[in-house]
Amino acid sequence: MSRDESTNAAAAAADHGALTDRILAFLRSIGLAVCEAEVPEGSFLPGVRIERGGLRVDRARLRWPGDLLHEAGHLAVVPTALRSTLDDALQDLPEVAHGGEIEATAWAWAATRHLGLDSDVLFHDGGYHGRSVGLRTTFELGVYLGASGLAAAGLTLLPAQVLPGGTPAYPHMLAWLRG
């Protein structure tokens, strides 16, 4: 590895760590449990898993810090009474109105905007089963898949509504965690 490549790799690692720190601080500030510990190889997402209603994060294996926001979205959109029962087996979760994949994605988008992050942090090229570019474009154009479910759950207002001062309601959140 050349000196320039080594310098670029070190800078990328520092940026990755700073971005991870920022996201984890936000998640903790809204009341989500975050534990930093080893995540076994082969987890659904590298370096992150849902465990007992919180996130387990392995910095050494975490490839994309934006995955933390999406997984946190799964925790945030389910009722409090169910949150502590969640683990990586989300398919085993009882059907929850307005608490599914699309609402988790909309929640993660709102968090991305709240933190002032680029859309490719959430919709990175390694995620969403090859649909990242389409999702990135859709949300950047203001087509907010899942936002109506967040509104029905009381977490935000409908995107067409406007806050005082003319600010669009979504992606502003009224609450980050469902009660």
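Parameters at a glance
Residues numbered from 1 in each chain as written. Predicted model: local features only at pLDDT ≥ 70, side-chain atom pairs only at ≥ 80, totals over all residues. Heavy atoms only, no water. Helix = DSSP H or I, 4+ residues; strand = E, 2+ residues; numbered from the N terminus. Buried < 20%, exposed > 50% of the residue type's maximum accessible area, 1.4 Å probe, protein only. Contact = heavy atoms within 4.5 Å. Salt bridge = Lys/Arg side-chain N within 4 Å of Asp/Glu carboxyl O. Pairing = 2+ DSSP bridges. Axes fitted to C-alpha atoms, helices over the stretch in contact; angles between N-to-C directions.

Chemist: Would you take a moment to explain the overall build of the chain for this structure?
Modeler: For the chain, the count of helices and strands is seven helices and three strands. Starting at the N terminus and ending at the C terminus, the chain contains elements arranged as α-β-β-β-α-α-α-α-α-α. By residue count, 42% of the 179 residues in the chain fall in the buried class. Pairs at least 24 residues apart make up 51% of the contacts formed inside the chain by residues separated by at least 6 positions.

Chemist: What should I look at first to understand the pattern of salt bridges in this one?
Modeler: Any two side chains of opposite charge can pair, given that their charged atoms come close. This structure, assessed with the given rule, holds ten salt bridges. Across the pair Asp 21 and Arg 59 runs a salt bridge whose closest N-O atoms are separated by 2.5 Å. In this pair, Asp 21 is assigned in helix H1 (residues 3–29) and Arg 59 in the loop between strand S3 (54–57) and helix H2 (66–76), connecting sequence segments 38 residues apart. Judged by its relative accessible area of 40%, Asp 21 is partly exposed. In this structure, the salt-bridge partner of Arg 49 is Glu 51, at a minimum N-O distance of 3.8 Å. By sharing partners, the salt bridges in this structure join Asp 21, Arg 28, Glu 36 and Arg 59 into a single network.

Chemist: Just checking my understanding: could you explain the sheet that holds S3 for this structure?
Modeler: Sheet strands associate in pairs through backbone hydrogen bonding, adopting either a parallel or an antiparallel arrangement. Read from one edge of the open sheet, three strands run S1-S3-S2, paired in mixed fashion. A strand with exactly one partner marks an edge of an open sheet, and here the two such strands are strand S1 (34–36) and strand S2 (48–51). Within the sheet, the average angular offset between the axes of one strand and its neighbour, ignoring direction, is 25 degrees.

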